[in-house]
Amino acid sequence: MRSATVPIAVADSVLPADHRPARCLQLVLGDQLNRRHSWFSRVDPDTVTIFQEVRQETDYVRHHAQKVIAVFAAMRAFARELAAAGHRVHYLSLDDPLNTQHLTDNLDALADASGASALRYQLPDEWRLDLQLSRWAASHHLTVTTHDSEHFLTARDVVSRHFADRRQWLMESFYRQMRQRTGVLMALDGGPEGGQWNYDHDNRESWRGDPPLPELRLPSHDNRALWLMIREAGVDCFGDPQAETMPWPLDRDEALVMLDDFIRNGLPHFGRFQDAMTRQDWRLFHSLLSFALNVKMLAPGEVIAAAEAAWRRGEVSLPTAEGFIRQILGWREYMRGFYWARMPELAEANALGNDLPLPDWFWTGNTRMACLAHAIGQSLSQAYAHHIQRLMVIGNFALLAGLAPAAVHRWYLGVYIDAFEWVELPNTLGMSQFADGGVLATKPYVSAAAYIDRMGDYCKGCAYDRKQRLGPKACPFNALYWDFHLRHESRLRRNPRIGMVYRNIDRMPDAERTAIREQAVFWRSRLDQL
Ligand SMILES: Cc1cc2nc3c(=O)[nH]c(=O)nc-3n(C[C@H](O)[C@H](O)[C@H](O)COP(=O)(O)OP(=O)(O)OC[C@H]3O[C@@H](n4cnc5c(N)ncnc54)[C@H](O)[C@@H]3O)c2cc1C
Ligand code: SF4
């Protein structure tokens, strides 16, 4: 893959402001960098495309430095690309003296300065921005119209309509409907290719060094000047900025190279090792495409098509292709629909009443628990962790320990390069923290040390003993796991999917149950020291 494809002078510089009169303004948000949007299919000299770097967006949560740098750098690259194609562009940088640092105040000012009579914007994916823009539009004298972002495969309300008269929401049912609707991995007889809809059971291996990992080929950008500007503006970031070699794609061409590289080198093993974890590498066989997808450089349809084509060419197995496609055609669209169906209540959900603050080591990775030290350390250095690290290490611990879901949500929303609320919130509060009371996940995603040990190499060399439940050397996951089920027995015992856990609890002597509870109370009162 190319390195430093966008030299510093180009990536960090900002276009000259366009203050000439215009008839129409069109707003592009930082996660709407869709080169193929119909807005850009022809040049209109009366229309100015507006980009804004604003403190409102850097500050709504504390962000990883790479996320702020990558979004701004990608916005700048896209703005330059549009200008080079002849479009009029007004780019408001964070340090522009005319920047009010507030999205709609800037729109007011730009509307006045340009004399425009119309403004259009693409529907935002975040509830917060949707509300802000729709309220602003309702009270403004401009003619304001909204447009589809032309990115997703489904409308916002498709999931809620699909489940309108059903008590239980199951992603699998939505996913099958999506397969039928799109024809993806469908056979000529109208059934699923291979006769099976879902090959999840084939996709649960740990990785022990074989096959070798594909070479990690990422873009590399020198964004030091941009990072300096962000710091000088006083934005409070955390994590390793990697500003000198920023490894995320900043334009569609780079994202396409990453997609191609993944299909050739990562996808063939993606399925088998989808749930594997290792200290040896931070990517394994995952695609690292979520940033490019979520800022809309890539369309979900083209990523799915590339994976399906690799299977039809015989380069990858059906379980692998299906496992990967399900993440995008199923989970990604489903999460978005779930978000729109459940907001704004979802953001406040806390069905289990969890209220502990995050331990300090969420911000440093300095814990003696090897799995968490690695998964959090990697999140801080790369702004990335793969799904099982997010779900079964960090999220698992947060839920077992009883951390406040809103604080966990803010951490996830800030730390990951791909974190945008429409996808982060349902994953964190619904799938990971069971905060919605079990609508999205039919049972809590929790485990004791045995699962983490089985799926990775973290436990070897950990300061804690994965086999012990009690005592100062015992793995904290163990006592916390049983205590979690004891604490939430009234809600969880009736759940048939976790009947086995309660059968085990029922067989425990009272003294053991008491000792587990005491051990868990001990850990939960000293989370900072784990
Ligand atoms: C607690 C928690 C928080 C998460 N927060 C985010 C987030 O903020 N943004 C985000 O994009 N994903 C999030 N995910 C889902 C998933 O972990 C990431 O999409 C994935 O790790 C991104 O890495 P990748 O591109 O290498 O994915 P791969 O493993 O290569 O998967 C391919 C693609 O499938 C999609 N995908 C996979 N799983 C999911 C899922 N559960 N929901 C939606 N899309 C999915 C993504 O677009 C991803 O790029 C979260 C998961 C959990 C458990
Ligand atoms: S022993 Fe426990 S804390 Fe240590 S790595 Fe294994 S699961 Fe994590």
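About the cut-offs
- Residues numbered from 1 in each chain as written.
- Chains lettered and ligands numbered in written order.
- Predicted model: local features only at pLDDT ≥ 70, side-chain atom pairs only at ≥ 80, totals over all residues.
- Heavy atoms only, no water.
- Helix = DSSP H or I, 4+ residues; strand = E, 2+ residues; numbered from the N terminus.
- Rg over C-alpha atoms; globule rule 2.2 N^0.38 Å.
- Buried < 20%, exposed > 50% of the residue type's maximum accessible area, 1.4 Å probe, protein only.
- Contact = heavy atoms within 4.5 Å.
- Areas by Shrake-Rupley, 256 points an atom, 1.4 Å probe, with all protein chains shown as cover.
- Lys, Arg positive; Asp, Glu negative; His and termini not counted.
- Charge placed at Lys NZ, Arg CZ, Asp CG, Glu CD.
- Near = heavy atom within 4 Å.
- 1 Å grid on protein atoms, 1.4 Å probe; cavity = no way out; pocket = protein on both sides within 12 Å on 5 of 7 lines; lining within 4 Å.
- Sits in = over half its atoms within 2 Å of the grid points.
- Core = buried A, V, L, I, M, F, W, Y, C linked by side-chain atoms within 4.5 Å.
- Phe/Tyr/Trp six-rings, centres within 6.5 Å; stacked < 30°, edge-to-face > 60°.
- Lys NZ or Arg CZ within 6 Å of the ring centre and 35° of its normal.
- Polar contact = N/O pair within 3.5 Å; in protein donor to acceptor, adjacent residues only side chain to side chain.
- Pairing = 2+ DSSP bridges.
- pLDDT = per-residue confidence, 0-100.
- Axes fitted to C-alpha atoms, helices over the stretch in contact; angles between N-to-C directions.
- Parallel < 35°, antiparallel > 145°, perpendicular 65-115°, else oblique.
- Left-handed = near helix turned anticlockwise from the far one by under 90°.

(A) The arrangement of the overall build of the chain in detail. For the chain, the count of helices and strands is 21 helices and seven strands. Taking 530 residues into account, the globule formula puts the C-alpha radius of gyration at 24 Å, and the chain, at 24 Å, falls close to it. Oriented by its inertia axes, the alpha-carbon framework of the chain measures out at about 80 × 55 × 50 Å. Relative to its 530 residues, the chain shows a buried fraction of 60%. Pairs at least 24 residues apart make up 77% of the contacts formed inside the chain by residues separated by at least 6 positions. Accessible area of the chain: about 20800 Å², with a carbon and sulfur share of 51%. Of note, the chain has its 60 positive side-chain charges centred 6 Å away from the centre of its 64 negative side-chain charges.

(B) Quick look at the site of ligand 2. All residues in the neighbourhood of ligand 2 are listed as Met369, Ala370, Cys371, Ala449, Ile452, Tyr458, Cys459, Cys462, Tyr464, Arg466, Cys475 and Phe477. More than half of the atoms of ligand 2 fall within 2 Å of the grid points belonging to the second largest cavity. When contributions to the shell around ligand 2 are tallied by element, the ones reaching two or more residues are helix 13 (370–382) and helix 17 (449–455).

(C) Local environment of the nonpolar core. Phe51, Tyr334, Leu372, Ile394 and Phe397 are the most contacted members of the largest nonpolar core, which totals 157 residues. Setting aside residues no more than four positions away along its own chain, Leu372 makes contact with Trp361, Thr367, Gly377, Val393, Ile394, Phe397 and Phe477. Residues Leu29, Leu103, Ala111 and Tyr121 belong to the second largest nonpolar core, which totals 18 residues.

(D) Here's a closer look at the packing of aromatic side chains. Considering all chains together, one arrives at 30 aromatic pairs under this definition. The interplanar angle of 90 degrees and the centroid separation of 5.6 Å between the aromatic rings of Trp169 and Phe338 together place this pair among those described as edge-to-face. Placement of Trp169 in the loop between helix 6 (158–162) and helix 7 (171–182) and of Phe338 in helix 12 (residues 318–342) is noted, with a sequence separation of 169 residues between them. For the pair shown, Trp169 and Phe338 are each scored as buried. Ring geometry for Phe397 and Phe477: centres 5.9 Å apart, planes at 70 degrees, overall edge-to-face. Within this pair, whereas Phe397 is found in helix 14 (residues 387–401), its partner Phe477 is found in helix 18 (residues 476–487), the two being separated by 80 residues in sequence. Residue Phe397 is classed as buried on the basis of its relative accessible area, which comes to 0%. Take Phe477: its relative accessible area is 2%, and that puts it in the buried class. A network of ring pairs unites the aromatic residues Trp361, Phe362, Phe397, Trp411, Tyr412, Tyr416 and Phe477 as a single cluster. If you follow Arg128 out to its NZ or CZ, it ends over the ring of Tyr60, 3.8 Å from the centre.

(E) Geometry of the site of ligand 1. Taken together, 29 residues are adjacent to ligand 1, and His286, Ser287, Leu288, Asn294 and Tyr384 come closest. In the environment of ligand 1, an oxygen atom lies 3.0 Å from a nitrogen or oxygen atom belonging to the backbone of Ser290. Between ligand 1 and His387 there is a distance of 3.0 Å, counted from an oxygen atom to a side-chain nitrogen or oxygen. In isolation ligand 1 exposes 820 Å². Once the protein is present, 99% of that is buried.

(F) Layout of the environment of Arg466. Looking at where Arg466 falls in the secondary structure, it is placed in the loop between helix 17 and helix 18. Judged by its relative accessible area of 33%, Arg466 falls in the partly exposed class. Sequence separation of Arg466 and Pro476 is ten residues, and the distance between their C-alpha atoms is 8.5 Å. If we ignore the near neighbours within four places in the chain, the residues touching Arg466 are Ala449, Asp453, Cys459, Cys475 and Asn478. Looking at Arg466, its side chain comes within polar contact range of the side chain of Asp453, at 2.6 Å.

(G) Looking closely at the pairing of strand 2 (residues 47–52). Of all six residues in strand 2, six are buried, a share of seventy percent or more. What you see with strand 2 is no split at all: Thr47, Thr49 and Phe51 on one side and Val48, Ile50 and Gln52 on the other are buried throughout. Examined bridge by bridge, strand 1 (residues 24–27) and strand 2 share four bridges and lie parallel to one another. Directly across from Leu27, in strand 2, lies its bridge partner Ile50. Where strand 2 lies against strand 4 (residues 88–92), five bridges are found, and the strand directions are parallel. Following the sheet pairing, Phe51 is matched in strand 4 by Tyr91.

(H) Here's a closer look at the confidence of the model for the chain. With 97% of its residues at a pLDDT of at least 70, the chain reaches an overall mean of 93. Between residues 1–10, whose pLDDT stays under 50, and residues either more than four places distant or in other chains, the model counts 25 contacts.

(I) Structural view of the packing of helix 14 against helix 18. Axis separation between helix 14 and helix 18 bottoms out at 8 Å; the angle between their running directions is 50 degrees. Taken together, helix 14 and helix 18 sit at an angle that is classed as oblique. Once helix 14 is placed against helix 18, the crossing between them reads as left-handed. Counting all contacts with helix 14, which are made through Val393, Asn396, Phe397, Leu399, Leu400 and Ala401, the residues of helix 18 involved are Phe477, Leu480, Tyr481, Phe484 and Arg487.

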